[in-house]
Amino acid sequence: MTGSPLISVPGLDSEQRWESAYCTPGRTERVRVAGTEIAVSCWEGGSDRTRPDVVLIHGGAAQRQWWDHLAPFLYGAGRVVALDLSGHGDSEHRDQYTLDAWSEEVAGVAELFCGPTPLLVGHSMGGLVAVNAAQRQTDRFGAVLALDSPLRRSSHSYAERRTKIASRPVRSFASQTEALEGYKTFPPVTEAPARVMNHIARAAMRRAGDRWALKFDPRIYLRPQVLDDFVLTAQIPTWWVQAENGFVDEVMAQRIRDSLGPAGALMRVPGASHHLILEQPLAATWVINLFVQQPRRAAG
């Protein structure tokens, strides 16, 4: 990615504390797609119908509220939609989880809420879901952005950790206060706006009898890892973001570059962590706005 003009993000600066985003909450709906009830948040765009609609896809063990502080600032977008994948947030659980099933959920939500060829933006595992959805239905989506989405990881310790998490009960807490204080991400978020972290922690918890528990289904960790040849030659613009301190290492980055072909691009964000949408929200918003506005610039 070189030579791209700067994209302005009105109303944001280095001192932005993101409180104003929560003054524009998304409309919440529940819809049935791919045989499962899915929770959706929706932000309406302006009157410019040429702006592309955008679907936001969270990562593993996260939920749609991870986007609440960013969605109102996607100024180049039309309607913005974020969903809870099955097994996450307020959506129903399944007996088994696969990228194909999640991709069907994304396609179903896009069909219900978006105009033709919406753009897909996914973080971490959500980026893999976005890429997979676009590869399965090449004429359904306009472009794809994957934010620090790692490919297959063969480390025995990684596989062992996934199996261990999937086999034990979801973590619970004696009170909501204890739950909010005990909320953690993997890898741990070391620095993020306090309002953002408090918001997603509250959204991640549910009342379970006399305790508070995380909402996600631990069995999501049993979903098959992607194959080594997962990334196909891109048929639509496909951007992959590599956070400097994230999960996409140099071997993965080279494989992604080689596989995507001329319609693909790899963008490296210096100093960014895996959870850049939480820890570096200004940089993440800039990248997403650049991605959203780029197709219109090219078309014009």
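This text goes with the structure placed above it.
Cut-offs and rules
- Residues numbered from 1 in each chain as written.
- Predicted model: local features only at pLDDT ≥ 70, side-chain atom pairs only at ≥ 80, totals over all residues.
- Heavy atoms only, no water.
- Helix = DSSP H or I, 4+ residues; strand = E, 2+ residues; numbered from the N terminus.
- Rg over C-alpha atoms; globule rule 2.2 N^0.38 Å.
- Buried < 20%, exposed > 50% of the residue type's maximum accessible area, 1.4 Å probe, protein only.
- Contact = heavy atoms within 4.5 Å.
- Areas by Shrake-Rupley, 256 points an atom, 1.4 Å probe, with all protein chains shown as cover.
- Lys, Arg positive; Asp, Glu negative; His and termini not counted.
- Charge placed at Lys NZ, Arg CZ, Asp CG, Glu CD.
- Pairing = 2+ DSSP bridges.
- Axes fitted to C-alpha atoms, helices over the stretch in contact; angles between N-to-C directions.
- Arc of directions from axis to C-beta.
- Phe/Tyr/Trp six-rings, centres within 6.5 Å; stacked < 30°, edge-to-face > 60°.
- Lys NZ or Arg CZ within 6 Å of the ring centre and 35° of its normal.
- Polar contact = N/O pair within 3.5 Å; in protein donor to acceptor, adjacent residues only side chain to side chain.

**Some details on the overall build of the protein**
Logical step 1: Helix and strand counts for the protein come out as 8 helices and 11 strands.
Logical step 2: For a compact globule of 300 residues, the expected C-alpha radius of gyration is about 19 Å, and the protein comes in at 18 Å, within 12% of that figure.
Logical step 3: In terms of its C-alpha atoms, the protein occupies a principal-axis envelope of roughly 60 × 45 × 40 Å.
Logical step 4: For the protein, with 300 residues in total, the buried portion stands at 53%.
Logical step 5: Look at the contacts in the protein between residues 6 or more apart in sequence, and 78% of them connect residues 24 or more apart.
Logical step 6: Summing over all exposed atoms, the protein offers an accessible surface of approximately 13,500 Å²; the carbon and sulfur share of this is 50%.
Logical step 7: One way to put it: in the protein the 32 positive side-chain charges average out to a point 3 Å from where the 32 negative ones average out.

**A short note on unusual backbone geometry**
Logical step 1: Between Phe186 and Pro187 the backbone carries a cis peptide bond, its omega angle lying at -10°.
Logical step 2: Position of Pro187 relative to the elements: it lies in the loop between α4 (176–182) and α5 (194–204).

**Re the sheet that holds strand β9 (residues 211–214)**
Logical step 1: What the 3 strands build is an open sheet, ordered β7-β9-β8; its pairing is antiparallel. Strand pairing shows two members of the sheet lacking a second neighbour, β7 (172–173) and β8 (205–208), which therefore form its edges.
Logical step 2: As paired strands, β8 and β9 are joined by 4 bridges and run antiparallel to one another. Within β9, the position partnered with Ala208 by the bridge is Arg211.
Logical step 3: The strands touched by α5 are β8 and β9; relative to β8, the strand with the most contacts, the crossing angle is about 35°.

**Remarks on the pairing of strand β1 (residues 27–33)**
Logical step 1: Strand direction decides the pairing type here: β1 and strand β2 (residues 36–43), joined by 7 bridges, are antiparallel. When the bridges of β2 are listed, Val33 appears paired with Thr36.

**Overview of α5**
Logical step 1: Among all positions of α5, only Val196, Met197, Ile200, Ala201, Ala203 and Ala204 are buried. Relative to the axis of α5, the buried residues are bounded by an arc of 165° and lie together on one face.

**Examining the packing of aromatic side chains**
Pairs of aromatic rings are described using the distance from one ring centre to the other and the angle between the two planes.
Logical step 1: Counted under the stated rule, the structure contains 5 aromatic pairs.
Logical step 2: Relative to Trp102, the ring of Tyr97 lies with its centre 5.8 Å away and its plane at 25°, an arrangement referred to as stacked.
Logical step 3: Taking the relative accessible area as the measure of exposure, Tyr97 reaches 4% and is therefore buried.
Logical step 4: Taking the centre distance of 6.2 Å and the plane angle of 75° together, the rings of Phe216 and Tyr221 count as edge-to-face.
Logical step 5: The ring of Phe141 carries Arg140 above its face, with NZ or CZ at 5.6 Å from the centroid.

**Some details on the side chain of Thr185**
Logical step 1: Checked against the element boundaries, Thr185 lands in the loop between α4 and α5.
Logical step 2: At 2.8 Å, the side chain of Thr185 and the backbone oxygen of Pro187 are in polar contact.
Logical step 3: Among residues more than four places away in sequence, those in contact with Thr185 are Trp66 and His275.

**What about the sheet that holds β1?**
Logical step 1: Pairing within the open sheet is mixed, and its 8 strands lie in the order β1-β2-β4-β3-β5-β6-β10-β11. In this open sheet, the two edge strands, each paired with only one partner strand, are β1 and β11 (264–273). When strand polarity is set aside, the average angle formed by the axes of neighbouring strands in this sheet is 20°.
Logical step 2: As paired elements, strand β6 (residues 143–147) and strand β10 (residues 238–245) share 4 bridges and run parallel to each other. Across the sheet, the residue bridging to Leu145 is Trp239, located in β10.
Logical step 3: Sheet contacts for helix α2 (residues 125–136): β3 (54–57), β5 (119–123), β6 and β10; angle to β5, the most-contacted strand, approximately 150°.

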